[in-house]
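What follows is the residue order along each chain.
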Amino acid sequence: MIDPILSISFSMHSNKGVYALLLGSGVSRSASIPTGWEITLDLIRKLAHLKKQDCEPNPAKWYESTFSETADYSKILNQVAKTSSERSQLLRSYFEPSEEERQQNIKTPTTAHRSIAKLVKDGYVKVIVTTNFDRLLEKALDESGITPTVISTPDAVNGAPPLTHISCAIIKLHGDYLDTRIKNTSKELETYSKRMNDLLDRVFDEYGLIICGWSGEWDTALRKAIQRCNSRRFTMYWAFKDSLSDKAKELINLRKAEALKIETADLFFEELTEKVLAINEFEQPHPLSSQAAIAIFKKYLEEEKYKIRLHDLVRNEVEKLRDNISVVHFPTQGVEFSADELVRRTQKYLALTSILQSMMITGGYWGNESIESLFTKSLERLCDNLQDRNGLKVWLDLRLYPALILLFSTGLAALASENYHLLGSLLTKPTSKYDYPGPEPLIFSLFPSAVIDQNAGRQFPNMERRYTPTSDHLVEVLRKPLIEYYPNQKEFEDAFDKLEFLISLVTVDLHIQRSLDPWFPIGRYGWRSSRRIQDNIFARTKSEIEKEGQNWLPLKAGMFGGFAVRANNALTIVTDRTNRLGWL
């Protein structure tokens, strides 16, 4: 049998946002928050003290015999504290920590609350129903930058937007601790207002339900709401600590729910959150997704009438990728650098980029001038939200990794079909403000050692002694996506060298045209060419330019302004500076 918590994890992951939580007092138990009944009993003790009477050992029975009525939270509170400000201060002491309590993590959000906040932040949970009066969940959400819509009264139900339009709704069935109308006694828990019942009917009909910390014993109206729901769209899960009450068992049998025994609410939600996020983190797009994207892309590319659809196809995938690689998912602050984290992030970036990569590889090989602007603007779009420079530099720079993957993937595909016009556009037209005060060519920032510097790159497996670890890493991760166009390993590596070499030449030329120092990034072609004295990339390129002149394909495509003299000038600078490094 599969562990029930795994079933919940997969259900939540595959049905994002459709599971609601039903939380009882057990979720706040480890924070030392009292239950409503415990507060009532303590208020009775305070009332007895005011009357100079002893209410022990049964405060509720003393109250009933003294006042000839069952214990009622609201009435007792009004007798103990006469004004609203007095009542407010009295209640705060039960729910808000003193300085000493805060230091001991008493009456502060628990592991369970913070884990739930993570699920909300990532969109896995949008609706939370709770019988608790405290505000620990709201505090945990606030710490995560989330402001929930809190519904704690019938009037609030009417004033709230539809649940589908709310990023997070907390439905406090019994009220809030600062509202004297909170439901506490058995009689008060027998019924809800029509407005609240209607809201619960919607939640239980439209959402799956995960119950934790609720016994099901005292809340008659809540039990009735669950019993009223006839739909079975999603499995109901009931997490319990010690044992299930008879009433809980009845509901479980009625709803054909899954019951799972847990140690504590903290451990349950921590494990659930870890598993859900782990599934998301390591989920790879299904191979058919990439194949389907390629098939659709080719169809749209072949016929002019699909021009708009082609544009929308690519742009939609760009926007999806842009959202998925935001700082929300890849924080740049608070995460220390480690080799494991570097590998984890690059693997996740690769998984998220794979569908767009497949389309751009196809376009690089088969595309024409009609997609040049689309591709160049796509690269710009992926780099235009990187102005925030707060955080660890290695993670800030790594934000360009998806764009780097796309540039090299498309460039290599273009080289395979000698599609130099598209390649020239990719290298010269995209601009960025990533590291400059004004728009500059994107390739000034988008090259391997700028995205992952040498020291970080050597943390990749088997890259410890490499001259150009990031470039060598790219060779490894790009081999499989491009194997259709480069079945031979040597041809692939030679093409990679050629692309990096062209990037160096174009970078030098663009710097010169802007009256800047002719700086350029040196790729793996440097040390590889030093081992090919007779047939290296410098000699081959020089021979090609001399032989073909203005017909040299990069020149015909518009690189170097179409002037051989500019190409030769860049070639001389790159050759001289690279050879002076002494790779051997």
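On a predicted model such as this, the values are computed, not experimentally measured, just so you know. Throughout, a residue's number is its position along its own chain's written sequence, starting from 1. Per-residue local features are limited, in this predicted model, to residues with pLDDT of at least 70; the limit for side-chain atom pairs, both in listing and counting, is 80 or more; totals at the level of whole chains, interfaces and linings are taken over all residues. Working from all heavy atoms in the structure, the side-chain values ignore hydrogens and water.

*Asks:* Sorry, what's going on with the overall build of the chain here?
*Replies:* Counting its secondary structure elements, the chain contains 28 helices and nine strands. Throughout, radius of gyration means the C-alpha value; the globule benchmark is 2.2 Å times the number of residues raised to the power 0.38. Computed over C-alpha atoms, the radius of gyration of the chain comes to 32 Å, more than 25% over the 25 Å expected from 2.2 N^0.38 for 584 residues, which places it beyond the range of a compact globule. Principal-axis analysis of the C-alpha atoms gives the chain an extent of 110 × 50 × 45 Å. Burial here depends on accessible area, computed with a 1.4 Å probe over protein chains only, as a share of the maximum for the residue type. Under 20% is buried, over 50% is exposed, and the range in between is partly exposed. Residue burial in the chain is summarised as follows: out of 584 residues, 52% are buried. Here a residue-residue contact requires only that any non-hydrogen atoms of the pair lie within 4.5 Å. Excluding contacts between residues fewer than 6 apart, the proportion of contacts in the chain whose partners are at least 24 apart in sequence is 70%. Roughly 27600 Å² of accessible area belongs to the chain as shown, and the carbon and sulfur atoms make up 49% of that amount. In this count, Lys and Arg are taken as positive residues and Asp and Glu as negative ones, while His and the chain termini are left out. For the purpose of locating charges, the reference atoms are NZ of Lys, CZ of Arg, CG of Asp and CD of Glu. Within the chain, the 76 negative side-chain charges are centred at a point lying 2 Å from the centre of the 75 positive side-chain charges. Secondary structure is summarised from DSSP: a helix means a run of H or I of at least four residues, a strand means a run of E of at least two, and numbering begins at the N terminus for each. We get accessible surface area from the Shrake-Rupley algorithm with a probe of 1.4 Å; when it comes to residues, only the shown protein chains can shield them.

*Asks:* In this structure, what is going on with the packing of helix 2 (residues 36-50) against helix 3 (residues 59-67)? I would like to understand it.
*Replies:* Packed helices, taken two at a time, are described by the angle between their axes plus the distance between the axes. The convention used is that axes are lines fitted to C-alpha atoms, helices contributing only their stretch in contact, and that angles between N-to-C directions extend from 0 to 180 degrees. It is at 9 Å that the axes of helix 2 and helix 3 come closest, and there the two elements cross at 55 degrees. With respect to helix 3, the axis of helix 2 lies oblique. Handedness of the crossing formed by helix 2 with helix 3: left-handed. Along the contact surface, helix 2 presents Trp37, Leu41, Ile44, Arg45, Leu47 and Ala48, while helix 3 presents Pro59, Ala60, Trp62, Tyr63 and Phe67. Every angle not falling under 35 degrees, over 145, or within 65 to 115 is termed oblique; those three ranges are roughly parallel, roughly antiparallel and roughly perpendicular. Take the far helix as the reference: if the near one is turned anticlockwise from it by less than a right angle, the crossing is left-handed, and if turned clockwise, right-handed.

*Asks:* So what exactly am I meant to see when it comes to helix 28 (residues 564-579) here?
*Replies:* Count 3.6 residues to each turn of an α-helix, and residues three or four apart come out pointing the same way. Between the first and last C-alpha of helix 28 there are 22 Å, a value that for 16 residues agrees with the 22 Å anticipated at 1.5 Å per step. For helix 28, the set of buried residues is Ala564, Ala567, Ala570, Leu571, Ile573, Val574, Thr575 and Thr578. Each element contacted by the buried residues of helix 28 is listed here: helix 24 (489-513), helix 25 (525-529), helix 26 (537-548) and helix 27 (553-556). Expected span of a helix: the number of residues minus one, times 1.5 Å.

*Asks:* Honestly, helix 8 (residues 136-143) in this entry has me stumped. Any pointers?
*Replies:* Residues Leu136, Leu137, Glu138, Ala140 and Leu141 constitute the buried set of helix 8. In the stretch just after helix 8, Gly145 is the one whose phi turns positive, near 80 degrees.

*Asks:* Please explain the pairing of strand 1 (residues 19-23) as it appears in this structure.
*Replies:* On any regular strand, side chains alternate: one points to one face of the sheet, the next to the other face. Of all the five residues making up strand 1, five are buried; the element is thus mostly covered by neighbouring parts of the structure. Of the two faces of strand 1, the one holding Tyr19, Leu21 and Leu23 and the one holding Ala20 and Leu22 are both buried throughout. DSSP bridges decide pairing: two strands pair if at least two such bridges lie between them. In terms of strand pairing, strand 1 meets strand 5 (residues 208-212) through five bridges, oriented parallel. By the bridge assignment, Leu23 is partnered in strand 5 with Cys212. Pairing geometry for strand 1 and strand 2 (residues 127-130), over three bridges, is parallel. Within the sheet, the bridge partner assigned to Leu23 lies in strand 2 and is Thr130.

*Asks:* Help me understand empty space enclosed by the protein, please; the structure alone is not making it clear to me.
*Replies:* Rolling a probe over the atoms, with the probe sized like a water molecule, indicates the empty space that remains. A pocket here means an open set of points on a 1 Å grid, computed over the protein atoms alone, that has protein on both sides within 12 Å along at least five of seven lines. A cavity is instead a set of points where a 1.4 Å probe fits but cannot get out; residues with an atom within 4 Å of a point line either one. Grid points are joined across faces, edges and corners, and a volume is the space filled by probe spheres set on the points. Applying the stated criterion across every chain yields a total of five cavities of 30 Å³ or more. What lines the largest cavity is simply Leu23, Val27, Ser28, His113, Thr130, Asn132, Asp134, Leu137, Glu138, Ile170 and Lys172. At the level of secondary structure, the elements contributing two or more residues to the lining of the largest cavity comprise helix 8 and strand 4 (169-172). Polar here means any residue outside two lists: the nonpolar Ala, Val, Leu, Ile, Met, Phe, Trp, Tyr, Cys and Pro, and the charged Asp, Glu, Lys and Arg; Gly therefore counts as polar. The residue inventory of the lining of the largest cavity, partitioned by class, reads four nonpolar, four polar and three charged.

*Asks:* When you look at the sheet that holds strand 1 in this model, what are you seeing that I'm missing?
*Replies:* Pairing is parallel in the open sheet, where seven strands are placed in the order 3-4-2-1-5-6-7. Across the chains shown, the open sheet's two edge strands, defined by having one partner strand only, are strand 3 (149-151) and strand 7 (258-261). Neighbouring strand axes in the sheet, compared pairwise and without regard to direction, differ in orientation by 20 degrees on average.

*Asks:* How should the side chain of Thr507 be read in this particular structure?
*Replies:* Structurally, Thr507 is set in helix 24. Judged by relative accessible area, which is 0%, Thr507 ranks as buried. The residues contacting Thr507, other than those within four sequence positions of it, are Ile443, Phe444, Trp519, Phe520 and Pro521.

*Asks:* Looking at this structure, how should I read the pairing of strand 5?
*Replies:* Extensive coverage of strand 5 is indicated by the burial of five of its five residues. Going residue by residue along strand 5, you find Gly208, Ile210 and Cys212 tucked away on one face and Leu209 and Ile211 tucked away on the opposite face as well. Looking at chain direction, strand 5 and strand 6 (residues 236-240) are connected through four bridges and run parallel. Among the inter-strand pairings, Cys212 is bridged to a residue of strand 6, identified as Ala239.

*Asks:* Sorry, what's going on with unusual backbone geometry here?
*Replies:* Comment: phi is negative for the bulk of residues other than glycine, and the bulk of peptide bonds are trans. Glu56 connects to Pro57 through a cis peptide bond whose omega is 5 degrees. Mapped onto the fold, Pro57 is located in the loop between helix 2 and helix 3. Of note in this structure, Asn105 is not a glycine but carries a positive phi near 60 degrees. Within the secondary structure, Asn105 sits in the loop between helix 6 (99-103) and helix 7 (111-121).

*Asks:* Mind showing me how you'd approach the packing of aromatic side chains here?
*Replies:* Within 6.5 Å between ring centres, the rings of Phe, Tyr and Trp (the latter by its six-membered ring) count as paired, and their orientation is classed by plane angle as stacked under 30 degrees, edge-to-face over 60, tilted in between. Per the counting criterion, the structure on display carries 22 aromatic pairs. Aromatic pair Phe447 and Trp519: ring centres 5.3 Å apart, planes at 50 degrees, arrangement tilted. With Phe447 in the loop between strand 9 (440-441) and helix 21 (448-451) and Trp519 in the loop between helix 24 and helix 25, this residue pair connects regions lying 72 residues apart in the sequence. Put simply, the rings of Tyr19, Phe234 and Tyr237 pair up and form one aromatic cluster. A cation over a ring is seen here: Lys16 above Tyr124, with NZ or CZ 4.8 Å from the ring centre. We call a charge positioned over a ring when the NZ of a Lys or the CZ of an Arg lies within 6 Å of the ring centre and within 35 degrees of the ring normal.

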